[in-house]
Amino acid sequence: MRTYIVLREDDANATTRSEDIERVYEPLIKLKIPVNVAVIPSVYCANKLPEGHPLLSKQKYYPYIQASEGEDKYLSVNGAKKLISLFNGENFEVLQHGYSHERIHNCFEFGIKDTQELESRVLKGKHILEVSFGKKPRFFVAPHEYFSKEAFKVATKNFAGTFVPLVSRRSFLHDLPVGFFPSYFIQKTMGKDFYFFKDNFMVLETRGLYLLNGNINDCMKLAQRLIQRFKIVVIVNHYWQYSLDEDLIKSWFNFLDSLIKCNCRFISCTDLYEKLGT
Ligand SMILES: [Zn+2]
């Protein structure tokens, strides 16, 4: 069985240096292998992580880089011309990553319940990405993959698909609109793969492969296990963790090399959607 790998890069935004992305994805760019980039349309520059969050001590968490000294302002990715030109290349599919990635009333951005506000964020973000990249994003990634029930409904109305965390780990079922239950349970019972469709909306489950804080070796082991068993494996990477860390870059390149050599195929969200939807 050939496994499809959906590699997702999270958190690119107006403050991202295109050189950092080029460095981290160099082997894939050379081989024209698809990478899905979840772009924050209008990053909030004074983002703060919740109290006690393990990343609080990290200085290089880009959406939160100005956590202590950030200005109370938003930066549109439309101003990042080099990044836009890189992501308009044939390797990349741009996905929408929230709107500003900010916390609102102590919730993650898409954990709030105000449907009007959620819709406005989705549409403003979509517009910025369309103006910047020349086409509308088809897939949505909620910051921290965290949805309220209302936010999930808004996503289904505006996109062709999204990602959710491993259901058993974050009681996502609680937040899944009831209409999704039958397709979810049918897929869970009948299939081995962690994706499901409701009407034409595709939901991919991320099964713990979040490359974060240099945990590449653990992820490599988990990826090997998942690739043996499943047809689709989602891997979430964060470019900002590699900055100035050559050892980590080497481990990441080894990881990529092992994925390229195994019987896997990297795929864009749009191509996967076409394959699974037929
Ligand atoms: Zn994010």
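Rules and cut-offs
- Residues numbered from 1 in each chain as written.
- Predicted model: local features only at pLDDT ≥ 70, side-chain atom pairs only at ≥ 80, totals over all residues.
- Buried ≥ 20, exposed ≤ 12 C-beta atoms within 10 Å, placed from the backbone.
- Helix = DSSP H or I, 4+ residues; strand = E, 2+ residues; numbered from the N terminus.
- Right-handed = clockwise from strand over helix to strand, strands pointing away.
- Pairing = 2+ DSSP bridges.
- Core = buried A, V, L, I, M, F, W, Y, C linked by C-beta atoms within 7 Å.
- Contact = placed C-beta atoms within 7 Å.
- Expected span 1.5 Å × (residues − 1).
- Arc of directions from axis to C-beta.

A. How the structure looks around the pairing of strand β7 (residues 161–165). In terms of burial, β7 is largely enclosed, as 5 of its 5 residues are buried. Following the chain from strand β6 (residues 139–141) across helix α5 (residues 149–158) to the adjacent parallel β7, one finds a crossover that is right-handed. Pairing of β7 with strand β9 (residues 201–206), which is carried by 5 bridges, proceeds in the parallel orientation. Within β9, the residue paired with Phe163 across the bridge is Leu204.

B. Structural detail: the nonpolar core. Counting 70 residues, the largest nonpolar core has Val6, Val37 and Ile235 as its most contacted members. In terms of residue count, strand β10 (residues 232–237) provides more of this core than any other element does, 5 residues in total. Those residues in contact with Val37 that lie beyond four places of it in its chain are Glu9, Ala12, Phe87, Phe92, Val94 and Leu95.

C. Here's a closer look at helix α8 (residues 216–229). Between its terminal C-alpha atoms α8 stretches 20 Å, which fits the 20 Å expected from 14 residues at 1.5 Å a residue. Residues of α8 that are buried include every one of Ile216, Cys219, Ala223 and Ile227, and no others. Axial view of α8: buried residues confined to an arc of 65 degrees, hence all on one face. Residues of α8 that are exposed and point over 90 degrees away from its buried face: Asn217, Asp218, Lys221, Gln224, Arg225, Gln228 and Arg229.

D. Quick look at the environment of Glu117. Mapping Glu117 onto the fold places it in helix α4 (residues 115–133). Judged by the 16 C-beta atoms lying within 10 Å of it, Glu117 falls in the partly exposed class. Along the primary structure Glu117 and Ala151 are separated by 34 residues, whereas in three dimensions their C-alpha atoms are 9.6 Å apart.

E. Broad picture of unusual backbone geometry. In this structure, Lys32 is a non-glycine residue whose phi angle is positive, near 55 degrees. Along the chain, Lys32 falls in the loop between α2 (26–30) and β2 (35–39). Given 10 C-beta atoms within 10 Å, Lys32 falls into the exposed group. Residue Asn106 is not a glycine yet carries a positive backbone phi of 65 degrees. Counting through the fold element by element, Asn106 comes out in the loop between β5 (92–97) and α4. Look at Asn106 and you get exposed, because 9 C-beta atoms sit within 10 Å.

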